[in-house]
Amino acid sequence: MTSPFDRKHPFFNYRVALLLSIIPIFVLGLTCEFYSGPGQEWLNNYCGDFLYQIFLILLLSFVWPKAEPVWTALGVFIFNSAIEFLQLWKPPFLQAIRATLFGRLFLGYSFVWEDFLFYAIGCMLGFLWVRKLKVKVLRSKKHPSTPRNN
């Protein structure tokens, strides 16, 4: 079996494409989170929501390249919806975690129904992005696990 870092590995090019997608999404997401200026409220509160979904879908696809993008996107949506509902629970240990930068970025700090819309948009965009990358990169290598629709 070849190493995942070997250029001959069937998913090598796919993972490179995913990594090249992850980096700008990560940077853009953090920029939105800490932006101050016109449109600050929307960028800080909502833009990061759908960018975070895309980031997670790309990251999970990078780690598990054989996973179907639709299941990855659905899993990310369910996971982040659970995190959103967890924001309604405010025990001291979670509040202490939320007081840190990582806790605020990962767990959030307030429940907002509108977040679900942006989670859905982000998951749909992430799904489409990964599906397109997977088809384009793996078909170009004529990978046997990617069916062709003629």
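Quick note: structure is the one above.
Here we summarise the structure given alongside this text. (Residues numbered from 1 in each chain as written. Predicted model: local features only at pLDDT ≥ 70, side-chain atom pairs only at ≥ 80, totals over all residues. Heavy atoms only, no water.)

A few points about the packing of aromatic side chains
Here comes step 1: Tallied over the full model, the rule gives 15 aromatic pairs.
Here comes step 2: Here Phe85 and Phe116 contribute two aromatic rings whose centre-to-centre distance is 5.3 Å and whose plane-to-plane angle is 40 degrees, an arrangement assigned as tilted. Taken as a pair, Phe85 in helix α3 (residues 69-86) and Phe116 in helix α6 (residues 115-140) lie far apart in primary sequence, 31 residues in all.
Here comes step 3: Note on Phe85: relative accessible area 40%, which makes it partly exposed. (Phe/Tyr/Trp six-rings, centres within 6.5 Å; stacked < 30°, edge-to-face > 60°. Helix = DSSP H or I, 4+ residues; strand = E, 2+ residues; numbered from the N terminus. Buried < 20%, exposed > 50% of the residue type's maximum accessible area, 1.4 Å probe, protein only.)

Quick word on the layout of surface pockets
Here comes step 1: By volume, the largest pocket amounts to about 700 Å³.
Here comes step 2: What lines the largest pocket is a set of 29 residues, and nearest its centre among them are Glu33, Gly48, Asp49, Arg104 and Leu105.
Here comes step 3: Put simply, the parts of the chain that give the lining of the largest pocket at least two residues each are α1 (12-34), α2 (40-63), α3, α5 (101-107) and α6.
Here comes step 4: Looking at the lining of the largest pocket element by element, the count peaks at nine residues for α2.
Here comes step 5: Looking at the lining of the largest pocket residue by residue, the class counts come to 15 nonpolar, nine polar and five charged. (1 Å grid on protein atoms, 1.4 Å probe; cavity = no way out; pocket = protein on both sides within 12 Å on 5 of 7 lines; lining within 4 Å. Points joined across faces, edges and corners; volume = space filled by probe spheres on them. Nonpolar A, V, L, I, M, F, W, Y, C, P; charged D, E, K, R; others polar.)

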